[in-house]
Amino acid sequence: MAAAEDTIDLARAPAFALGALKVNPPTLEVANGDRRDTLEPRIMQVLVALAFRRGEVVSREDLITQCWDGRSVGDDAINRCIGRLRRLAEAEGGFIIETIPRVGYRLKEVGAPDAITVAAKPEPNPLPPKPAAKKRWWQNWWALSLAVLVIVAVTSANLWLSHPEPLDRVAVLPLQPLGGGDNARVFGTAVAEQIVGVLNENQVQAVAQSEIANLRGPGRDDAARKLGADFILDGTVQHTRQGLRVVVHLDRASSHATLWTATFEPAETSSDPAGLQSQVAARVVDVIKAALQAAVLRDDGAVAAFIKAKEYGREGGRTATSLRRDQMRIVVAHAPDFSLGRSGLAWSSAALIQFSPPTEITGLRSDAEREAKKALEFDPHNGEAYLALAALAPPRDYAEQERQLRKGLEVQPDEPTLNSSLAALLQDVGRNAEALPLYERAALLDPLSPRKNAGYAAALLISGNIAQARQTIQHAAKLWPDNPSVWGARVGIAVVDDPAEARKLLAEGPHVAPQLEPDFYAAAEAAIDAVAHKTPQSRAVARERLLAAVAQKHFDDKTTIELLTYFGDVDTAFAVADQSYRADRLAGRYSRPDMAVLLRSTTAALRRDPRFLPLAERLGLVTYWKNNTAPDFCKTEAVAPCPDLKRGGR
């Protein structure tokens, strides 16, 4: 452990400015005009460490020494602090934080090349001298994670590259303007720079923009080899009457094969150039990360299919899940020893069960189990295989589902979907406090996932942190303005925080989620009015419209239970719950029932009712609580079955 003097002492650190942002470490405050915010002590320490070495690269080891007393901390702790500071920079301006892959971070002040303004010279300097480097094995987690993601099990010379691991450099060329003059050229360059920045943030090494001059034209092959670039991203930008039209494609440098292409039409993207840049960058980086996972494959068709499968996985739903499974079948056909192809096929088959008729269930289960076992044979550290095994566990055997997910996290703790899936399970059994950091970790590990960002925002809302939930979902909306998961989370947060904004967002629904029926909107608008006005009349109207929409399966019954409980109509809430969780329906389910709504603080009135315990027993919750861990509400509510659980020591 580092000596005490090696650690940043916030009480002695001087105030300083980053652009218009004033930072006062002793009080943990940051201010920009009338706007003020308070940072956590650890986050303030990281900001001080980076700010007082502005323009220099601060290694992760230095941050651990200066901000964590040299203790062994996981990278997720550092990532959380950096993520919070980046959100601060995005909101207030004045600085940016760059990721230097495999080294550390660099804070750069925006628009102010001179030294940081210091209000008072510290006596003595709160920052310690740079300590001698001490290499720790646990600080190389990214290398282990990359080795897991890019599996190298060299067994078939026709399918695998000969070197032990794939190249991990990507060349991003400025998008070529097709007319439009300087504006199109500037936009094309800005998009490339943003993509490179996001790649660096995601630990993907991009070729420096100063080195890419020869990657177009006859010298491309030699230039790509010298630069060690396995993939090249290129494209065009064109001004049209409707706005900017962007076309991008990802090529494999060695074969010149185009693995992926996408067109961003003006009618489908943000009219704001900065918003469009973010959307293009987010999707491109996601695709590049998928390509790098499959870079060990020689077959370009297999790599292209893997990229498509990953894109379908982002969408979710029956159609996308089925298409993802089809693409993973192509991957496995071309590369039978590729563990990520096997686990992707297993997970897709398991996920498809919930959408399929009973006649197809047995075959899907058999496929999923076989492919998951194959994936683990080729790579025992493939966490995705455990996602499939967890999904194959009996729907109400929550302990077995948890066991499989935790086994996956043991072998691959940085697998994002394992983290978010365990978080969802813990929410379903009432362990919300444990779920929140897992949702946060999943979003940090997979920042380009709209569903993980939306899930984290929803978890923040459930925990009562409305301001951070709003900030998280607003950031997601910039990247994915038309994503249904993000839109749904925005509506949910706005209902609580800003009913007028919720109504405005509902008006965007037909564009974002065209499958929703008119009675969905009628019920949602009535619910917003009832939450806003709190009158008996508004609640009666909302109750009528909610029940009508639920009867047609056009509105979520679980959300209806929560709203009815909030309105004080516990009897009707139980009537809806009894239908949703009928014994015959539960017996016919092939996936875990969604029970989280019953266990939130907003539905405490349900748990005080004697009808709650039989419902919890029917769902298998009481058995889980008795044999595993009691729900959060038992810490504050003296309701059944909490006294029995406490006597049992859980």
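About the cut-offs
Residues numbered from 1 in each chain as written. Predicted model: local features only at pLDDT ≥ 70, side-chain atom pairs only at ≥ 80, totals over all residues. Heavy atoms only, no water. Core = buried A, V, L, I, M, F, W, Y, C linked by side-chain atoms within 4.5 Å. Buried < 20%, exposed > 50% of the residue type's maximum accessible area, 1.4 Å probe, protein only. Helix = DSSP H or I, 4+ residues; strand = E, 2+ residues; numbered from the N terminus. Contact = heavy atoms within 4.5 Å. Phe/Tyr/Trp six-rings, centres within 6.5 Å; stacked < 30°, edge-to-face > 60°. Lys NZ or Arg CZ within 6 Å of the ring centre and 35° of its normal. Pairing = 2+ DSSP bridges. pLDDT = per-residue confidence, 0-100. Axes fitted to C-alpha atoms, helices over the stretch in contact; angles between N-to-C directions. Parallel < 35°, antiparallel > 145°, perpendicular 65-115°, else oblique. Left-handed = near helix turned anticlockwise from the far one by under 90°. Nonpolar A, V, L, I, M, F, W, Y, C, P; charged D, E, K, R; others polar.

(A) The nonpolar core, seen in detail. Ranked by size, the top nonpolar core spans 110 residues in total, and within it Tyr 581, Leu 598 and Trp 625 carry the most contacts. Here this core gets 11 residues from one element, more than from any other, and that element is helix H7 (residues 273–293). With sequence-adjacent residues up to four places away left out, Tyr 581 is seen in contact with Lys 558, Ile 561, Leu 586, Asp 594, Met 595, Val 597, Leu 598, Leu 615, Arg 618 and Leu 619. Ranked by size, the runner-up nonpolar core spans 32 residues in total, among them Leu 10, Leu 47, Leu 50 and Cys 81.

(B) View of the packing of aromatic side chains. In the structure shown here, the tally under the stated rule is 8 aromatic pairs. Here Trp 625 and Phe 633 contribute two aromatic rings whose centre-to-centre distance is 5.7 Å and whose plane-to-plane angle is 85 degrees, an arrangement assigned as edge-to-face. Members of the aromatic cluster, each reached through a chain of ring pairs, are Phe 520, Tyr 521 and Phe 555. In this arrangement the basic side chain of Arg 607 is found over the ring face of Phe 633, its NZ or CZ atom lying 4.8 Å from the centre.

(C) A look at the pairing of strand E4 (residues 35–38). Pairing between strand E3 (residues 29–32) and E4: 4 bridges, direction antiparallel. Paired with Asn 32 across the strands is Arg 35, a residue of E4. Counting the residues in the hairpin turn of E3 and E4 gives 2 residues, including Gly 33, whose phi is positive at 65 degrees.

(D) Broad picture of the pairing of strand E12 (residues 243–252). Along E12, 7 of the 10 residues are buried, which leaves the element largely enclosed by surrounding structure. Judged from the 10 bridges that link them, strand E11 (residues 229–240) and E12 form a sheet pairing that is antiparallel. Residue Thr 240 lies in a different strand from E12, and its bridge partner there is Gly 243. The hairpin turn running from E11 into E12, its antiparallel successor, is 2 residues long. One ladder, built from 6 bridges, connects E12 with strand E13 (residues 258–264); its direction is antiparallel. Its bridge partner being in E13, His 249 is matched across the sheet by Thr 261. Following E12, the chain reverses through 5 residues before pairing antiparallel with E13; His 256 in that reversal takes a positive phi of roughly 65 degrees.

(E) Spotlight on the confidence of the model for the protein. With 87% of its residues at a pLDDT of at least 70, the protein reaches an overall mean of 83. Note that pLDDT drops below 50 for residues 112–167; the model gives that stretch 118 contacts with residues more than four away or on any other chain.

(F) Summary view of the sheet that holds E4. Read across the sheet, 4 strands follow the order E1-E2-E3-E4 without closing on themselves; strand pairing throughout is antiparallel. Looking at strand neighbours, the two that pair on one side only are strand E1 (16–18) and E4, the edges of this open sheet. Looking at each pair of strands side by side, their axes are set apart by 25 degrees on average, direction ignored. Examined bridge by bridge, strand E2 (residues 21–24) and E3 share 3 bridges and lie antiparallel to one another. From the neighbouring strand, Val 23 faces E3, where its bridge partner is Val 30. Against the sheet, helix H1 (residues 41–51) makes contact with E1, E2 and E3, and its axis sits at roughly 80 degrees relative to E1, the strand it touches most.

(G) Broad picture of unusual backbone geometry. Of note, the bond from Ala 640 into Pro 641 is cis; its omega dihedral lies within 30 degrees of zero at 5 degrees. Along the chain, Pro 641 falls in the loop between helix H28 (621–627) and helix H29 (642–647). Its identity as a non-glycine residue notwithstanding, His 256 has a phi of 65 degrees, on the positive side. Relative to the elements of secondary structure, His 256 occurs in the loop between E12 and E13. A relative accessible area of 43% places His 256 in the partly exposed class. Positive phi, normally seen in glycine, also occurs at Lys 553, with a value near 60 degrees. You can see Lys 553 is positioned in the loop between helix H22 (536–551) and helix H23 (557–566).

(H) Quick look at the sheet that holds strand E7 (residues 104–109). Read across the open sheet, the 3 strands follow the order E5-E7-E6; overall the sheet is antiparallel. Of all the strands in the sheet, just strand E5 (57–59) and strand E6 (95–100) have a single pairing partner and so form its edges. Recorded for the sheet is a direction-independent mean angle of 30 degrees between the axes of neighbouring strands. In this structure, E5 lies alongside E7, joined through 3 bridges in antiparallel fashion. When the bridges of E7 are listed, Val 58 appears paired with Tyr 105. Strand contacts of H1: E5, E6 and E7, with the helix running at about 70 degrees to E7, the strand carrying the most contacts. Of the strands in this sheet, E5 and E7 are in contact with helix H2 (residues 60–67), which crosses E5 at around 70 degrees.

(I) Geometry of the packing of helix H15 (residues 432–445) against helix H16 (residues 450–462). Following both chains from N to C, one finds H15 and H16 inclined at 150 degrees, their axes separated by 9 Å at the closest point. Taken together, the axes of H15 and H16 lie roughly antiparallel to each other. The two elements H15 and H16 meet at a crossing, and its hand is left-handed. Along the contact surface, H15 presents Asn 432, Leu 436, Tyr 439, Glu 440, Ala 442 and Ala 443, while H16 presents Lys 452, Gly 455, Tyr 456, Ala 459, Leu 460 and Ile 462. For the contact of H15 with H16, the class distribution of residues is 8 nonpolar, 2 polar and 2 charged.

(J) Main features of the environment of Leu 645. Tracing the chain through its elements places Leu 645 in helix H29. Counting along the chain gives 23 residues from Leu 645 to Val 622, while the straight-line C-alpha distance between them is 9.0 Å.

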